[in-house]
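Structure at a glance
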Amino acid sequence: MDVPELLDMPELNAIGPVHEEMHLAARNLLLMSRDGLDIPAEEYDRLSNFTQELRRQLGELSNRFKGDLGLASRLMGKVFESASEGVIITDPEATILNVNRAFTQVTGYRPEEPLGKTPHLLSSGRQDQAFYQDMWNTFIEQGQWQGNIWNRRKDGASYLEHLSIVAVRDEHGRPYRMVGTNSDNTARKNPEDALFAEKERAQGTPHPIRDAGTTNGRPEQRRVGREVSQRAGPRPG
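A few points on the structure. (Residues numbered from 1 in each chain as written. Predicted model: local features only at pLDDT ≥ 70, side-chain atom pairs only at ≥ 80, totals over all residues. Heavy atoms only, no water.)

Before going further, it helps to spend a moment on the overall build of the protein. When its secondary structure is counted, the protein shows nine helices and five strands. Mapped in sequence order, the helices and strands of the protein form the string α-α-α-α-β-β-α-α-β-β-β-α-α-α. By residue count, 35% of the 237 residues in the protein fall in the buried class. Roughly 13600 Å² of accessible area belongs to the protein as shown, and the carbon and sulfur atoms make up 52% of that amount. (Helix = DSSP H or I, 4+ residues; strand = E, 2+ residues; numbered from the N terminus. Buried < 20%, exposed > 50% of the residue type's maximum accessible area, 1.4 Å probe, protein only. Areas by Shrake-Rupley, 256 points an atom, 1.4 Å probe, with all protein chains shown as cover.)

This is the structure:
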């Protein structure tokens, strides 16, 4: 990240180790859950503690940036482009406004191709409308959603991704942006799925969905949820 002014900022330097520990704690929980192991309460507490500490440090960093908006803007741009996970930013109606480099690497789309479209662009057809309706109802009620979902790359190959969506609100509490982060989970989830995904483009027949899950996070109007689900999710038939 070539923003020299950041190198001497203790607030920023302190975030890296905590973020790494939080990531490892979350990964450990996912692996234990996947393997059907009993998860001790201490594991949840560990993740919660790192999350709270990261929020505290981000708060300190935010206060530091209030006096230098130019630096903050440059930093956010660098973080967005250098993130290892794909990032997609939409307006409240699910129209895509921006994607980062990792998103283009995973999906095969050039940076400008998704702009002005909706995430329906990535639909694999493996989830039905009921799945998307439940997904968006959860998002509208809680302000976030995360889980596994099958999507399709530009070349036609499908892939299992872990998707997290959060709502960004303006100073009045109204939805301003939606930010989704995703990572390719195909090979990690099931080697057989990875082989099917590679063959799918040539065969043209996806095998049945093996996993699509939801989990948690603030209130929102259901009207927006219905509109977003119609735009973002595939329609039956």
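Tallied over the full model, the rule gives eight salt bridges. Asp35 is the salt-bridge partner of Arg34, the closest N and O atoms lying 3.3 Å from each other. Look at Arg34 and you get partly exposed, because its relative accessible area is 45%. Taking the relative accessible area as the measure of exposure, Asp35 reaches 47% and is therefore partly exposed. Of the charged contacts, one joins Arg56 and Glu53 as a salt bridge, the two residues approaching to 2.6 Å between their closest N and O atoms. Of this pair, Arg56 and Glu53 both sit in helix α3 (residues 41–65), three residues apart, roughly one helical turn. Classification of Glu53 by relative accessible area gives partly exposed; the value is 26%. Connected via shared salt-bridge partners are Arg110, Glu112, Glu113 and Lys154. (Salt bridge = Lys/Arg side-chain N within 4 Å of Asp/Glu carboxyl O.)

On to the environment of Asn49. Secondary-structure assignment places Asn49 in helix α3. According to the relative accessible area criterion, Asn49 is partly exposed, its value standing at 48%. Along the primary structure Asn49 and Met22 are separated by 27 residues, whereas in three dimensions their C-alpha atoms are 8.5 Å apart.

Moving on to the nonpolar core. Ranked by internal contacts, the top residues of the largest apolar core, which has 13 residues, are Met135, Trp136, Phe139, Trp145 and Ile165. Sorting the residues of this core by element identifies α6 (129–142), β3 (144–152) and β4 (158–169) as the ones contributing at least two each. Looking at this core element by element, the count peaks at six residues for α6. With eight residues, the next largest nonpolar core counts Ile96, Val99, Phe103 and Tyr159 among its residues. (Core = buried A, V, L, I, M, F, W, Y, C linked by side-chain atoms within 4.5 Å.)

Take the environment of Leu47 next. Summarising the element assignment, Leu47 is placed in helix α3. Once you skip the residues sitting within four places of it in the chain, Leu47 turns out to touch Met22, Ala25, Ala26 and Leu29. (Contact = heavy atoms within 4.5 Å.)

Our next topic: the packing of aromatic side chains. Across all of its chains, the model carries three aromatic pairs by this definition. Ring geometry for Phe131 and Tyr132: centres 5.4 Å apart, planes at 90 degrees, overall edge-to-face. Both residues of the pair, Phe131 and Tyr132, count as buried. Relative to Trp145, the ring of Phe131 lies with its centre 6.4 Å away and its plane at 85 degrees, an arrangement referred to as edge-to-face. Highlighted residues: Phe131 in helix α6 and Trp145 in strand β3, separated in sequence by 14 residues. By way of ring pairs, the aromatic residues Phe131, Tyr132 and Trp145 are connected into one cluster. (Phe/Tyr/Trp six-rings, centres within 6.5 Å; stacked < 30°, edge-to-face > 60°.)

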